[in-house]
Amino acid sequence: MISKAEQNRRRKAVEYSIATCELEGCIISDEYRKLSEKYIKGEMTLEEMGKIIRRNLPSNETK
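Here the structure is a predicted model, which means the values were calculated and not measured.

1. Examining the environment of Glu6
In step 1: Assignment of secondary structure puts Glu6 in helix α1 (residues 4-23).
In step 2: The exposure class assigned to Glu6 is partly exposed, which follows from its relative accessible area of 22%.
In step 3: Remark: the alpha-carbon pair of Glu6 and Ile40, spanning 34 residues in sequence, is separated by 8.1 Å.

See the structure below:
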């Protein structure tokens, strides 16, 4: 379990990154938002989240 202060720090960082990306025209998926919430709560590390995201990139899909 991580502290509320750490959860708040993570939430601010995630919200900032999402807002920045959306300003650039990105569409943030529900799956990414769910993964982000798990990261914020301390249920997964940033590295674990990154692995899942990279594994699901369109360039990794079979054609």
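Structure shown, so let's carry the discussion forward.
2. Overview of the packing of α1 against helix α2 (residues 30-41)
In step 1: It is at 8 Å that the axes of α1 and α2 come closest, and there the two elements cross at 155 degrees. Here α1 is positioned roughly antiparallel relative to α2, judged by the angle of their axes. The two elements α1 and α2 cross, and the hand of that crossing is right-handed. Between α1 and α2, the residues in contact are Gln7, Arg9, Arg10, Arg11, Val14, Ser17, Ile18 and Glu22 and Tyr32, Arg33, Ser36, Glu37, Tyr39, Ile40 and Lys41, respectively.
In step 2: Of the residues assigned to the contact of α1 with α2, the class counts are 5 nonpolar, 3 polar and 7 charged.

3. Thoughts on α1
In step 1: Here α1 contains 20 residues, and its C-alpha end-to-end distance of 28 Å stays within 8% of the 28 Å for a straight helix at 1.5 Å per residue.
In step 2: Summarising the contacts, the buried residues of α1 are in contact with α2.
In step 3: Once α1 ends, the next one or two residues include Gly25, with phi positive near 100 degrees.

Conventions and cut-offs
- In this convention, every chain numbers its residues from 1, walking through the sequence in written order.
- Where local features are concerned, this predicted model is filtered to residues with pLDDT of at least 70; where side-chain atom pairs are given and counted, the filter is 80 or more; whole-chain, interface and lining totals use all residues.
- Side-chain measures here rest on the full set of heavy atoms in the structure, leaving out hydrogens and waters.
- What counts as a helix is a DSSP run of H or I of at least four residues, what counts as a strand is a run of E of at least two, and both are numbered from the N terminus.
- Relative accessibility thresholds used throughout: buried, under 20% of the residue-type maximum; exposed, over 50%; partly exposed, between the two (1.4 Å probe, protein chains only).
- Only the stretch in contact is used when fitting a helix axis, every axis being a line fitted to C-alpha atoms; angles between N-to-C directions are given from 0 to 180 degrees.
- An angle below 35 degrees is read as roughly parallel, one above 145 as roughly antiparallel, one from 65 to 115 as roughly perpendicular, and any other as oblique.
- Here is the rule for handedness: rotate from the far helix to the near one, and if that takes an anticlockwise turn smaller than a right angle the crossing is left-handed, while a clockwise turn gives right-handed.
- Every residue pair with non-hydrogen atoms within 4.5 Å of one another is taken to be in contact.
- Side-chain classes are defined by residue name, with Ala, Val, Leu, Ile, Met, Phe, Trp, Tyr, Cys and Pro counting as nonpolar, Asp, Glu, Lys and Arg as charged, and the others, Gly among them, as polar.
- Multiplying one less than the number of residues by 1.5 Å gives the expected span of a helix.

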